[in-house]
Structures are given as C-alpha cells and as structure tokens.
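Understanding the architecture of this molecule
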Amino acid sequence: MAKTSAFDRNTVEFVTVAAEYCAFLEQIYDKEPTRVADVISKLLPLVYLKASMLTDTEPERLYLEEIVTEPEYDAIRMSLQQKFGENDDYLEVFVEDMKYSDTPVRRCISEDLADIYQALKNFVHSYRSGLDEVMEEAVAVCSEGFRTYWGQTLTNTLRAVHNVRYNSDFNEDESSVYD
C-alpha cells in the first residue's frame, strides 16, 4: 500500500468535511428536525466521497487518543434520536447478522450517525496534533475504519436518511437551508 501524505489535497479535503460533519452534529440542539435531516443528507455523501479518495495505507498501530467519551457519544446519539423521532429506526439488510436471521435487523439512524461521528471526531483530533507521524497514523486508521466498518454504515444510514428526508411526512418544507 502506498504511503500517504498528511498534507495531500485529498487528505486536507477529507479533514475539512469530517470536521464540518462533527461540528454540525455538535450544534444540532437548537436546529429544526427538517434542517438536521436536510444537512445530514448532504454531508454524508461528501464524507463518503472524500473518505473514498484517501490513500489506502496500513496503520502502524501507534496509540491514538480517543477523545469522544461515552457521555459525549450518548449526548450526540440522544440529540439525533430526538430530532429523528419515530423515523429513527430503520430495517437493514446489509449487515452480517442478516445472513443468519429470518427477521429483519433493526438499526437506528441516531446510533449509526453517532458511530460515524466518533470515528471522525477522534480522527480530526489526532490529525490536528500537527505531528506528522500521528497525522499519518490518523489517516491510515480512519481510512481502514472507512473500508471495514463506518463506510458501509454511512451508506446504509444515508439510505434511511434519504427516506426520512424525501419519502416521509417528516418534512413538509422542501426548501434547502444548507448552502
């Protein structure tokens, strides 16, 4: 696998989008549910696109600080759950457990978005250290997480968010508020 530069264009653009995603989720408390669904439906594809453009590198397994605490994770998850309300649950077919189940697997938009938040917030924190070795490792760990876990979670959740945003009675206002 190729060595990545912590300062190449794709990495810098990914950091920017990841930081924007995290900042938005940290500020949803006073936002209308329709705005939250609208913005998330636009941010998730950007996060996916920019993450998919990162160079695949193998992490060296250096210690990276995980700054998202359980109370912070729960606050983000619960705030999202409150915004999505009864639309928070969705049925998922692209999970490993589905292979062995006769019944659908229930997922929550709020939990999936909080999982992505946790991965991205920890990444952004490590990247902002300014230490080349830590930044390189943060990119490698985040890229690996994208390929193995949260990338699939993102695409599954985007489908559910799209349904809430465009196919439910959740949003009567079709105007976009994210520029």
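The following refers to the structure shown.

The rules behind each value
Residues numbered from 1 in each chain as written. Predicted model: local features only at pLDDT ≥ 70, side-chain atom pairs only at ≥ 80, totals over all residues. Heavy atoms only, no water. Helix = DSSP H or I, 4+ residues; strand = E, 2+ residues; numbered from the N terminus. Axes fitted to C-alpha atoms, helices over the stretch in contact; angles between N-to-C directions. Parallel < 35°, antiparallel > 145°, perpendicular 65-115°, else oblique. Left-handed = near helix turned anticlockwise from the far one by under 90°. Contact = heavy atoms within 4.5 Å. Nonpolar A, V, L, I, M, F, W, Y, C, P; charged D, E, K, R; others polar. Phe/Tyr/Trp six-rings, centres within 6.5 Å; stacked < 30°, edge-to-face > 60°. Buried < 20%, exposed > 50% of the residue type's maximum accessible area, 1.4 Å probe, protein only. 1 Å grid on protein atoms, 1.4 Å probe; cavity = no way out; pocket = protein on both sides within 12 Å on 5 of 7 lines; lining within 4 Å. Points joined across faces, edges and corners; volume = space filled by probe spheres on them. Core = buried A, V, L, I, M, F, W, Y, C linked by side-chain atoms within 4.5 Å. Salt bridge = Lys/Arg side-chain N within 4 Å of Asp/Glu carboxyl O.

Quick look at unusual backbone geometry
- Notably, Arg-61 is not glycine yet its phi reads approximately 65°, a positive angle.
- With respect to the helices and strands, Arg-61 occurs in the loop between α2 (33-52) and α3 (70-84).

A short note on the packing of helix α1 (residues 9-26) against helix α4 (residues 109-127)
- For the pair α1 and α4, the least separation of the axes is 9 Å and the interaxial angle reads 125°. Between α1 and α4, the interaxial angle falls into the category oblique. Our pair here, α1 against α4, has a crossing hand that is left-handed. Taking contact as the criterion, the partners of Thr-11, Val-12, Phe-14, Val-15, Ala-18, Ala-19, Tyr-21, Cys-22, Leu-25 and Glu-26 in α1 are, on α4, Leu-113, Ile-116, Tyr-117, Leu-120, Lys-121, Phe-123, Val-124 and Tyr-127.
- For the contact of α1 with α4, a count of residues per class yields 15 nonpolar, one polar and two charged.

Section: the packing of aromatic side chains
- Applying the stated criterion across every chain yields a total of five aromatic pairs.
- Each ring, one from Phe-14 and one from Trp-150, has its centre 6.4 Å from the other, and the planes form 20°; the classification is stacked. Taken together, the residues span a long stretch of sequence, with Phe-14 in helix α1 and Trp-150 in helix α5 (residues 132-167) at a distance of 136 residues. With respect to class, Phe-14 is no different from Trp-150; both count as buried.
- Measuring from centroid to centroid gives 5.1 Å for Phe-146 and Trp-150, while their planes differ by 65°, and the two rings are edge-to-face. Pair noted here: Phe-146 and Trp-150 are both in helix α5, with a separation of four residues, about one helical turn.

Focus: the layout of surface pockets
- In this structure, the largest pocket occupies an estimated 320 Å³ of space.
- Contributing to the lining of the largest pocket are 15 residues, with Glu-66, Gln-118, Ala-119, Asn-122 and Val-141 lying nearest its centre.
- Elements that contribute at least two residues to the lining of the largest pocket include exactly α4 and α5.
- Among the residues forming the lining of the largest pocket, the class breakdown is eight nonpolar, four polar and three charged.

Points about the nonpolar core
- Counting 47 residues, the largest nonpolar core has Phe-14, Tyr-21, Ile-40, Phe-84, Leu-120, Phe-123 and Trp-150 as its most contacted members.
- Looking at this core, the elements with two or more residues in it are α1, α2, α3, α4 and α5.
- Top contributing element to this core by residue count: α5, with ten residues.

So, the pattern of salt bridges
- A complete count under the given rule lists eleven salt bridges for this structure.
- For Asp-38, the salt bridge goes to Lys-42, with nearest N and O atoms at 2.5 Å. With Asp-38 and Lys-42 both in helix α2, this residue pair falls four residues apart, about one helical turn.
- The salt bridge partner of Arg-107 is Asp-112, with a shortest N-O separation of 2.3 Å.
- Salt bridges sharing common partners tie together Arg-9, Glu-13 and Lys-50.

Any link to function would need more than the numbers given here.
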